[in-house]
Number of protein chains: 4
Amino acid sequence: MGKVDENKKRKKEALFNTAYELFTTKGINSTAISDIVERAGVAKGTFYLYFKDKYDIKNKLVVHKTRELFDAAGNALNEAGISCLEEQMIFIINHVIDTLVENKPLLNFISKNLVMGALRSTLLTGENNDNDIYEKFLELIEKDKYDYADVNVMLFTIVELAGSAGYNSILYSEPLPIEAYKPFLYRSVRLIIKSHRSGTE
Amino acid sequence: MGKVDENKKRKKEALFNTAYELFTTKGINSTAISDIVERAGVAKGTFYLYFKDKYDIKNKLVVHKTRELFDAAGNALNEAGISCLEEQMIFIINHVIDTLVENKPLLNFISKNLVMGALRSTLLTGENNDNDIYEKFLELIEKDKYDYADVNVMLFTIVELAGSAGYNSILYSEPLPIEAYKPFLYRSVRLIIKSHRSGTE
Amino acid sequence: MGKVDENKKRKKEALFNTAYELFTTKGINSTAISDIVERAGVAKGTFYLYFKDKYDIKNKLVVHKTRELFDAAGNALNEAGISCLEEQMIFIINHVIDTLVENKPLLNFISKNLVMGALRSTLLTGENNDNDIYEKFLELIEKDKYDYADVNVMLFTIVELAGSAGYNSILYSEPLPIEAYKPFLYRSVRLIIKSHRSGTE
Amino acid sequence: MGKVDENKKRKKEALFNTAYELFTTKGINSTAISDIVERAGVAKGTFYLYFKDKYDIKNKLVVHKTRELFDAAGNALNEAGISCLEEQMIFIINHVIDTLVENKPLLNFISKNLVMGALRSTLLTGENNDNDIYEKFLELIEKDKYDYADVNVMLFTIVELAGSAGYNSILYSEPLPIEAYKPFLYRSVRLIIKSHRSGTE
DNA sequence: GATGAATGAGCATTCATTCAT
DNA sequence: CATGAATGAATGCTCATTCAT
């Protein structure tokens, strides 16, 4: 990479990181582009060289952060050596929840955009396609000793439940703190998984 | 009510209705207070006589609309004469879903604010407390032939799942159109309910 | 007029006058709305209370100034007591030219917009309709001892010629200073008038 | 011409043509230099190698396009073999009008700049001086069987009248469509020419 | 209570121009 | 010669809020 390209990358990343920082601390609505560029140490016009507007950079950030989150969970799963689908799903959910418990600004930031539909397109689009968590999900399901029907529906239901309930439990300890709620959540997840086993209905 | 008071109420309601109309068509961010007062036919200053700012009227609208939605479902349940808790819960969820399918702007409007935590405070606060859906839920659970443990957790889980999954299914037909997804959703709801029966775990 | 209305009028007129001053000295493109409001001593938002944007105020100024110019010419004609159409037309043109010779910024300002089509609509639209110069023209033509054919064409041709040639002669003394060019211009105007007399063609 | 020089010329012409295209479609004010270079396929800095700014390229375009317009008229006149000045002038005016009727963007573009003063300097400055239309005018006048006084004034008056009246008639059909207005215009032109014949006044 | 004129801080966006490569 | 990333001044416009009437 030439000197110029390096410089470009550095500026773009400075904007990216600064925007994330400000969005999570001040909120998106209260963050002006002037704030971002000022703190990132670039000129105002430079922002528009790389992003269309505030919502463009926001969307790109959501995709990026979500991908990071699930990639980490996927990698941890690989090292954990768990073979049963139920335990694998719980492991991933648990890993994501634990990460978000430690990083509530991130939870706040991506939660409003983390729904299964967006998730799938988010995780499928992008650079390192060999590490796609959605593909990984399908693979895990494939390899399990049981057969599953309506796989998409199953994943969707689990993600919506875990995302929505997890969000409130982590942020507001409502109806229980997340650690106390986890057993209930995982019990429901297991029930949903089991209900999708072929010949179970 | 005196003539003056009537006039006051009329103005306040005009603002209320106009705000709802504009929020659902233009979006909250793109709706200016000028838009509301202009369309409502009152002066700008009058707005501040009744509401603190745009978000004040928004919150009051969410509470109001959510209450209407669940009150209708509760009333319909009363007339339906269903005695089993499982069927009662499904009936209510189904009634709400069907209403929102017919009224997507309303879905859009309340969805971003309809989470169990908000729901409870929403439904418990307000004018006609004898008709509270949350109290009704507790009552229905009480009357069922089974006993239930961790009732709050159960309601929370169901509302989060139905709210989050229903929202996407209705608006984006994702992963299935709502009518096709309903059987899966209701199966999960039933499993969650059953898992809360005392001595079931 | 109440105190409030007086105030409104004063602000609007301050903007109007300041805009004219700046447009004629700095040019329209180089005049920012900030310049106008600052000099007029009102807040920026106030500008948008009365005008849509810079071009709105410009158009309204052109109409206003053009009307003033022709009204003055018409009034002078009334007092001059000239009965022959040829002399009346020359009188008006001459009066306008002489005014603009003394007020080149005004010439510059309205010239780019002074075409017969605009002129007619300009002069016909507005407040004091009884003094419309276009109507007056038609009246003068009507009263003349000769009959005229294609009156609209005649007026158009004269206005275009006098406007376009006058503009250059006054501003650039090109091909002659206006006083030297006048005899040629008026000779042409007379020829055009005569050529429109019925039965002359 | 060397390969490098050819390349230079190609870039300059690309900028020239693209600028004309954009000026006539989007308007000069709304055309940014970025637009021009982007569409022309050259780098931004390259623009400044050949032109000082937007108004520099605009002026050069006006000169270029006006010259083309009158050269074509002059060439057509040569082939038409008309000997009388009156008819020659009408021929040229008519040729220019007909061209502009077919090419209204061009009319729009040059009209705001086409006044006799500019015309003369335009037509006299430039590359192929032997074909200058202004010189040609003088030559035609010289050769006519009549003698003419105040030749500059005559040409000026005719150009201003035809330019100004033609512009409105073509673009706005005001006060008549150009074809209907032509007889009136040409009658006036003839009268102006005749009035300049020596010993006529 | 009701009005609506006035405010002015605040913000997104554009764009001509420069200059290191 | 050519490039195009970077700049940052400039500016139009919005809008919540106030307050005299």
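Starting from 1, residues in each chain are numbered consecutively following that chain's sequence as written. Chains and ligands are labelled by the order in which they are written, letters from A for the one and numbers from 1 for the other. In keeping with the model being predicted, local features are shown solely for residues with a pLDDT of at least 70 and side-chain atom pairs are shown and tallied solely at 80 or more, while totals for entire chains, interfaces and linings include all residues. Note that water and hydrogens are dropped before the side-chain values are worked out from all heavy atoms of the structure.

**Focus: the overall build of chain A**
Here comes step 1: A count of helical and extended segments in chain A gives 10 helices and 0 strands.
Here comes step 2: Helix numbers and strand numbers start at the N terminus; a helix is a DSSP run of H or I with at least 4 residues, a strand a run of E with at least 2. Counting helices and strands in the order they occur from the N terminus, chain A gives α-α-α-α-α-α-α-α-α-α.
Here comes step 3: Type-normalised accessible area, obtained with a 1.4 Å probe on protein chains alone, sets the label of each residue: buried when under 20%, exposed when over 50%, and partly exposed for intermediate values. A burial count over chain A gives 47% of its 201 residues as buried.
Here comes step 4: For this analysis, residues touch if any pair of their heavy atoms sits within 4.5 Å. Long-range contacts, defined as pairs at least 24 residues apart, comprise 68% of the intrachain contacts of chain A with a sequence gap of at least 6.

**Comments concerning the interface of chain B and chain A**
Here comes step 1: If you look at the interface, chain B gives 27 residues, while chain A gives 27 residues.
Here comes step 2: A simple way to read buried area is as the amount of 1.4 Å-probe accessible surface that goes missing from two parts once joined, with both sides added. Between chain B and chain A, roughly 2400 Å² of surface is buried when both sides are summed, and carbon and sulfur atoms account for 62% of that area.
Here comes step 3: Considering only the side of chain B, the residues that lose the most area to chain A are Val153, Phe156 and Arg187 of chain B, jointly responsible for 22% of the buried surface there.
Here comes step 4: Polar contacts, as used here, are pairs of N or O atoms within 3.5 Å; protein pairs need one atom able to donate a hydrogen and one able to accept it. Residues neighboring in sequence count only if both atoms are side-chain atoms. Where chain B meets chain A, there are 10 residue pairs in polar contact (both at pLDDT 80 or more).
Here comes step 5: Those elements that provide at least two residues to the side of chain B that touches chain A are helix H7 (116-124), helix H9 (151-172) and helix H10 (178-195) of chain B.
Here comes step 6: Looking at which element gives the most residues to the side of chain B that touches chain A, the answer is H9 of chain B, with 10 residues.
Here comes step 7: Polar here means any residue outside two lists: the nonpolar Ala, Val, Leu, Ile, Met, Phe, Trp, Tyr, Cys and Pro, and the charged Asp, Glu, Lys and Arg; Gly therefore counts as polar. In terms of residue class, the side of chain B that touches chain A is made up of 11 nonpolar, 10 polar and 6 charged.

**Looking at the domain arrangement of chain A**
Residues and elements named next belong to chain A.
Here comes step 1: Either an automatic procedure or a domain database provided the assignment from which the domain bounds are taken. You can read the domains of chain A as domain 1 (1-51) and domain 2 (53-195).
Here comes step 2: At the junction of the two partners, domain 1 supplies 13 residues and domain 2 supplies 14 residues.
Here comes step 3: Approximately 1200 Å² of surface area, both sides summed, lies buried where domain 1 meets domain 2, with 78% of it carried by carbon and sulfur atoms.
Here comes step 4: For salt bridges, the criterion is a side-chain nitrogen of Lys or Arg within 4 Å of an Asp or Glu carboxyl oxygen. Run the count over domain 1 and domain 2 and you get 0 salt bridges.
Here comes step 5: Of all elements in the fold, only helix H1 (3-26) and helix H3 (44-50) reach the threshold of two or more residues within the side of domain 1 that touches domain 2.
Here comes step 6: Classifying every residue of the side of domain 1 that touches domain 2 gives 10 nonpolar, 3 polar and no charged.

**As for the protein's contact with DNA strand F**
Here comes step 1: A molecule or strand has a residue near it when one of that residue's heavy atoms lies within 4 Å. The full set close to DNA strand F counts 30 residues, and Thr46 and Tyr50 of chain A together with Lys8, Thr46 and Tyr50 of chain D are the nearest of them.
Here comes step 2: For DNA strand F, the backbone portion of the atoms within 4 Å of the protein, that is sugar and phosphate, comes to 64%.
Here comes step 3: Between DNA strand F and the protein, one listed contact pairs a phosphate oxygen with a backbone N or O atom of isoleucine 33 of chain B at 3.1 Å.
Here comes step 4: A distance of 3.5 Å separates a base oxygen of DNA strand F from a polar atom in the side chain of lysine 44 of chain B.
Here comes step 5: Elements that contribute at least two residues to the surface near DNA strand F include exactly H1 and H3 of chain A, helix H3 (44-50) of chain B, helix H3 (44-50) of chain C together with helix H1 (3-26) and helix H3 (44-50) of chain D.
Here comes step 6: Here the surface near DNA strand F is built from residues that sort into 13 nonpolar, 5 polar and 12 charged.

**So, the relation of the copies chain B and chain A**
Here comes step 1: For the least-squares superposition of copies, only C-alpha atoms count, and only for residues with pLDDT at least 70 in both. Each copy of the sequence occupies a distinct position, and chain B is placed on chain A by a rotation of 180° and an axial shift of 0.0 Å, giving an RMSD of 0.1 Å. Taken together, these values place the two copies in the relation of a two-fold axis. In terms of proximity to the rotation axis, the leading residue of chain B is leucine 161 of chain B, whose C-alpha is 2.3 Å off the axis.
Here comes step 2: Both copies present the same face, since 100% of the interface residues in chain B are matched by interface residues at the equivalent positions in chain A.

**Considerations on the interface of chain C and chain D**
Here comes step 1: Counting residues at the interface gives 27 residues for chain C, matched by 27 residues for chain D.
Here comes step 2: In this assembly, chain C packs against chain D so that about 2400 Å² is buried in total across both faces, 62% of it on carbon and sulfur atoms.
Here comes step 3: The three residues of chain C that bury the most area against chain D are Val153, Phe156 and Arg187 of chain C, which together make up 22% of that side's buried surface.
Here comes step 4: In this assembly, chain C and chain D are joined by 0 salt bridges.
Here comes step 5: Linking chain C to chain D there are 10 residue pairs in polar contact (both at pLDDT 80 or more).
Here comes step 6: Contributions of two or more residues to the side of chain C that touches chain D are made by helix H7 (116-124), helix H9 (151-172) and helix H10 (178-195) of chain C.
Here comes step 7: With 10 residues, the top contributor of residues to the side of chain C that touches chain D is H9 of chain C.
Here comes step 8: For the side of chain C that touches chain D, the residue count by class is 11 nonpolar, 10 polar and 6 charged.

**Structural notes on the confidence of the model for chain A**
Here comes step 1: For chain A, mean pLDDT is 89; residues scoring 70 or higher make up 89% of the total.
Here comes step 2: When the elements of chain A are averaged for pLDDT, helix H7 (residues 116-124) of chain A gives the smallest value, 59, and helix H10 (residues 178-195) of chain A the largest, 98. The quantity called pLDDT is the predictor's confidence in a given residue, expressed from 0 to 100.

**Some thoughts on the packing of aromatic side chains**
Here comes step 1: Stacked, tilted and edge-to-face are the three classes applied to pairs of Phe, Tyr and Trp rings, where Trp contributes its six-membered ring and a pair requires centres within 6.5 Å; stacked means planes under 30 degrees apart, edge-to-face means over 60, and tilted covers the rest. Tallied over the entire structure, the rule returns 28 aromatic pairs over all chains.
Here comes step 2: An angle of 25° between the planes, with centres 6.3 Å apart, marks the rings of phenylalanine 23 of chain D and phenylalanine 109 of chain D as stacked. Here phenylalanine 23 of chain D is found in helix H1, whereas its partner phenylalanine 109 of chain D is found in helix H6 (residues 104-111), with 86 residues between them in sequence.
Here comes step 3: Judged by its relative accessible area of 6%, phenylalanine 109 of chain D falls in the buried class.
Here comes step 4: Taken together, the aromatic side chains of Phe16, Phe47, Tyr48 and Phe51 of chain A make up a single cluster linked through ring pairs.
Here comes step 5: Any Lys NZ or Arg CZ found within 6 Å of a ring centre and within 35 degrees of that ring's normal is scored as a charge over the ring. The residue whose ring lies beneath arginine 197 of chain B is tyrosine 146 of chain B, and the NZ or CZ to ring-centre distance is 3.8 Å.

**Focus: the protein's contact with DNA strand E**
Here comes step 1: Around DNA strand E sit 31 residues in total, of which Lys11, Thr46 and Tyr50 of chain B together with Thr46 and Tyr50 of chain C are the nearest.
Here comes step 2: Within 4 Å of the protein, the contacting atoms of DNA strand E are drawn from sugar and phosphate to the extent of 63%.
Here comes step 3: Interatomic distance of 2.4 Å between a side-chain N/O atom of threonine 46 of chain B and a phosphate oxygen of DNA strand E.
Here comes step 4: Between DNA strand E and the protein, one listed contact pairs a phosphate oxygen with a backbone N or O atom of isoleucine 33 of chain D at 3.1 Å.
Here comes step 5: Elements with a contribution of two residues or more to the surface near DNA strand E: H3 of chain A, helix H1 (3-26) and H3 of chain B, helix H1 (3-26) and H3 of chain C together with H3 of chain D.
Here comes step 6: Among the residues forming the surface near DNA strand E, the class breakdown is 14 nonpolar, 5 polar and 12 charged.

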